[in-house]
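# Survey of secondary and tertiary structure
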Amino acid sequence: MAVRKIIRMGHPALRRVARAVPAEDIGSAALHRLVADMIDTLHDYGGIGLAAPQINESFRLAIVEIRGGSSRYGELAPMPLTVCVNPTIDVCGAECAGYWEGCLSVPGLRGFVQRPQHIRVAFTDLRGERRSIVAKGFLATVFQHEFDHLDGKLYVDRIADPRQLAFEEEYVRYLLPSDG
Ligand code: NI
């Protein structure tokens, strides 16, 4: 297993639509190695989600893991490590809310993005079984952010007001909501 290099905004691979993981590859040693590398990389860089294109692997594959407690995104409910192969999203409710998102491929910056806050996520797990979970609030934002990477999109594309893009240090100093 290995920590891989995360490619950054400007690398053309972040702008490509990733290809579906073929069903016959889901149990393969190669896919399990790739997922293990993604987990090592996520832990090393200290994020809460990582999509395969961020390590220059063009597959529809993303992982999310929220350890819970306090983080650079405030107090968070935990989400155990979830490996999503070929995920899809259905929006269950039109209500949107915004968060100051960050991205390991856009280091040092935060941007305010509004997204639907009640979604259903469907994906294939590493045993090849199709699963479905409902995500609300910040977790809904996290899944949408990660799955955007599979379509060559970055959160900066979704910032409605470019004034709501800031360096992390200035975000903490001037923009961090004081109520939590
Ligand atoms: Ni990202």
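That block above? That's the structure.
None of these values were measured; they are calculated from a predicted model.

### Focus: the coordination of the nickel ion
For the nickel ion, the full set of protein donor atoms is Cys103 (SG), His145 (NE2) and His149 (NE2), and the range of their distances to it is 2.1 to 2.3 Å. In terms of primary sequence, the donors binding the nickel ion are separated according to C-x41-H-x3-H. In this pair, cysteine 103 is assigned in strand E6 (residues 96–103) and histidine 149 in helix H2 (residues 138–150), connecting sequence segments 46 residues apart. When sorted by exposure, cysteine 103 lands in the same class as histidine 149, which is buried.

### Re the nonpolar core
Among the nonpolar cores identified, the biggest contains 21 residues, and Val64, Ile66, Met79, Val121, Leu139, Phe143 and Phe147 are the most heavily contacted of them. Sorting the residues of this core by element identifies strand E2 (61–66), strand E5 (79–91), strand E8 (118–124), strand E9 (130–136) and H2 as the ones contributing at least two each. Sorting elements by how many residues they give to this core places H2 first, with seven residues. Core analysis: the second largest hydrophobic core is formed by 18 residues, Val35, Ala52, Ile55 and Val85 among them.

### Observations regarding the sheet that holds strand E10 (residues 165–167)
Pairing is antiparallel in the open sheet, where three strands are placed in the order E6-E7-E10. Single-partner strands in this sheet number two, and they are E6 and E10. Going from strand to strand, the sheet's axes swing by 25 degrees on average, the running direction of each strand aside. Here seven bridges tie E6 to strand E7 (residues 106–116), and the two strands are oriented antiparallel to one another. Its bridge partner lying in E7, cysteine 96 is registered against proline 116.

### Here's the deal with the sheet that holds E8
Spatially, the five strands line up as an open sheet ordered E1-E2-E5-E8-E9, and their pairing is antiparallel. Since the sheet does not close on itself, it has two edges, and those belong to strand E1 (49–51) and E9, each with one partner. Ignoring strand direction, the axes of neighbouring strands in this sheet form an average angle of 40 degrees. Where E2 lies against E5, five bridges are found, and the strand directions are antiparallel. Bridging from a neighbouring strand, alanine 62 pairs with cysteine 84 of E5.

### Some remarks on the packing of aromatic side chains
What the rule picks out here adds up to four aromatic pairs. Relative to phenylalanine 112, the ring of tryptophan 100 lies with its centre 5.7 Å away and its plane at 55 degrees, an arrangement referred to as tilted. Of this pair, tryptophan 100 sits in strand E6 while phenylalanine 112 sits in strand E7, and the two are 12 residues apart along the sequence. Judged by its relative accessible area of 10%, tryptophan 100 is buried. Look at tryptophan 100 and tyrosine 171: their rings are 5.3 Å apart centre to centre, the planes differ by 45 degrees, and that puts the pair in the tilted class.

### Some remarks on the environment of valine 35
Position of valine 35 among the secondary structure elements: in helix H1 (residues 29–45). Sequence separation of valine 35 and leucine 61 is 26 residues, and the distance between their C-alpha atoms is 8.5 Å. For valine 35, the contacting residues outside a window of four places in its chain are Leu61, Val83 and Leu126.

### Focus on the pattern of salt bridges
Overall, the coordinates contain nine salt bridges when judged by the stated rule. Among the ionic pairs, aspartate 157 bridges to arginine 15, the shortest N-O distance being 2.7 Å. Remark: arginine 15 occurs in the segment before H1 and aspartate 157 occurs in the loop between H2 and E10; sequence separation between them is 142 residues. Look at aspartate 157 and you get partly exposed, because its relative accessible area is 40%. By relative accessible area, arginine 15 is classed as partly exposed at 40%. With a closest N to O distance of 3.0 Å, aspartate 148 and arginine 115 form a salt bridge. With aspartate 148 in helix H2 and arginine 115 in strand E7, this residue pair connects regions lying 33 residues apart in the sequence. Here the two residues aspartate 148 and arginine 115 agree in accessibility, since each one is buried. Ionic contacts of the salt-bridge type, sharing partners, join the residues Glu101, Arg115, Asp148 and Arg158 into one network.

Reading the values: the criteria
- Residues numbered from 1 in each chain as written.
- Predicted model: local features only at pLDDT ≥ 70, side-chain atom pairs only at ≥ 80, totals over all residues.
- Heavy atoms only, no water.
- Donors = N, O, S within 2.8 Å, 3.2 Å for Na, K, Ca; no water.
- Helix = DSSP H or I, 4+ residues; strand = E, 2+ residues; numbered from the N terminus.
- Buried < 20%, exposed > 50% of the residue type's maximum accessible area, 1.4 Å probe, protein only.
- Core = buried A, V, L, I, M, F, W, Y, C linked by side-chain atoms within 4.5 Å.
- Pairing = 2+ DSSP bridges.
- Axes fitted to C-alpha atoms, helices over the stretch in contact; angles between N-to-C directions.
- Phe/Tyr/Trp six-rings, centres within 6.5 Å; stacked < 30°, edge-to-face > 60°.
- Contact = heavy atoms within 4.5 Å.
- Salt bridge = Lys/Arg side-chain N within 4 Å of Asp/Glu carboxyl O.

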